[in-house]
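# Report on the structure
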Amino acid sequence: MKSFELLNTVIAGLSVVTRTRKGDSRGHLTRLFCADELAEMGWSFPVAQINHTLTQAKGAVRGMHYQNPPHAEAKLVSCIRGEVWDVAVDLRRDSSTYLQWQAQRLSSENQKALLIPKGFAHGFQTMTADAELIYLHSHAYHPEGEAGLNPFDAELKIQWPLPVTQISERDRSHPAITDLFKGVIV
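Anyway, here's the lowdown on the structure attached to this text. (Residues numbered from 1 in each chain as written. Predicted model: local features only at pLDDT ≥ 70, side-chain atom pairs only at ≥ 80, totals over all residues. Heavy atoms only, no water.)

## As for the overall build of the protein
Counting secondary structure elements, the protein contains two helices and 13 strands. Taking 16 Å as the expected radius of gyration for a compact globule of 186 residues, we find that the protein reaches 16 Å, a close match to that expectation. Overall, the C-alpha framework of the protein stretches about 55 × 35 × 30 Å when taken along its three principal axes. Split by element, the accessible area of the protein, about 9400 Å² in all, is 52% carbon and sulfur. (Helix = DSSP H or I, 4+ residues; strand = E, 2+ residues; numbered from the N terminus. Rg over C-alpha atoms; globule rule 2.2 N^0.38 Å. Areas by Shrake-Rupley, 256 points an atom, 1.4 Å probe, with all protein chains shown as cover.)

## A few points about the sheet that holds strand β8 (residues 83-90)
Within the open sheet, the five strands sit side by side as β9-β8-β11-β6-β13. Their pairing is antiparallel. Sheet topology places β9 (101-107) and β13 (146-148) at the edges, where each strand pairs with a single neighbour. Averaged over all pairs of adjacent strands, the angle between their axes in this sheet comes to 25°, without regard to strand direction. As paired strands, β8 and strand β11 (residues 120-126) are joined by seven bridges and run antiparallel to one another. Opposite D86, over in β11, you have F124 as the bridge partner. (Pairing = 2+ DSSP bridges. Axes fitted to C-alpha atoms, helices over the stretch in contact; angles between N-to-C directions.)

## Here's the deal with the packing of aromatic side chains
A complete count under the given rule lists four aromatic pairs for this structure. Note on F33 and W43: the rings are 6.3 Å apart at their centroids and 85° apart in plane angle, and the pair reads as edge-to-face. One end of the pair, F33, is in the loop between β4 (27-30) and α1 (35-39); the other, W43, is in the loop between α1 and β5 (49-55), and ten residues separate them in sequence. Residue class for F33 comes out partly exposed when judged on its relative accessible area of 28%. Classification of W43 as buried rests on a relative accessible area of 2%. A network of ring pairs unites the aromatic residues F33, W43 and F45 as a single cluster. (Phe/Tyr/Trp six-rings, centres within 6.5 Å; stacked < 30°, edge-to-face > 60°. Buried < 20%, exposed > 50% of the residue type's maximum accessible area, 1.4 Å probe, protein only.)

## Focus: the nonpolar core
Counting residues in hydrophobic clusters, the biggest one holds 20 residues, and the most contacted among them are M64, Y66, V87, V89, L91, L149 and I158. Residue assignment for this core shows that the elements contributing at least two residues are β6 (61-67) and β8. Contact partners of M64, with chain neighbours within four places excluded, come to V87, V89, A121, H122, G123, A147, G148, L149, P151, I158, W160 and H174. Counting 15 residues, the second-largest nonpolar core is a separate cluster that includes L14, V16, L114 and F120. (Core = buried A, V, L, I, M, F, W, Y, C linked by side-chain atoms within 4.5 Å. Contact = heavy atoms within 4.5 Å.)

## So, the pairing of β8
Counting buried residues along β8, seven of its eight residues qualify, which places the element largely inside the surrounding structure. Judged from the seven bridges that link them, β8 and β9 form a sheet pairing that is antiparallel. Its bridge partner lying in β9, D86 is registered against Q104.

Shape descriptors only; they carry no functional weight alone.
Next up, the structure:
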């Protein structure tokens with residue numbers, strides 16, 4: 001029995017991974033990562049970094065973050081506690097879905113994860129208090145490659161499902177997209 005089921009989104013390369021929970025009277029086991037199975041789904045990188053976040057307030061927004069080449073990274077994002085509305089924006093300059101976004105509810109209950117390829121900005125809004133995420137990154141963080149887009153950018157038109165209760169000054173200050181923004185080449 002496979003540990004993962006893949007659902008492709010309308011944005012090429014961006015996929016929803018649903019994990020299979022195996023359980024009995026003692027509890028359950030859920031495989032978070034399997035290189036062999038996920039390679040069949042597009043994850044062909046070593047895991048270079050694993051991050052864990054806790055966002056305490058319901059309605060908080062984090063994002064929209066990305067790393068510029070040569071530090072561009074793929075991510076596998078999972079919610080291990082609570083629920084988030086996870087968003088990925090296609091920044092690949094030559095993509096037919098350039099600047100389009102896709103959102104997916106991730107929760108500890110639905111066992112879904114977002115498999116985000118290189119060349120995407122990522123962010124989320126917490127749908128519950130005390131939401132925890134685990135991120136697997138294909139490349140280590142490099143401050144010189146760090147970039148972000150404003151999560152309220154009128155060009156992106158991201159429709160956050162809840163009123164925004166918190167956002168960092170850093171994320172609020174990310175620039176809006178202008179004619180000077182040319183996307184990323186990955």
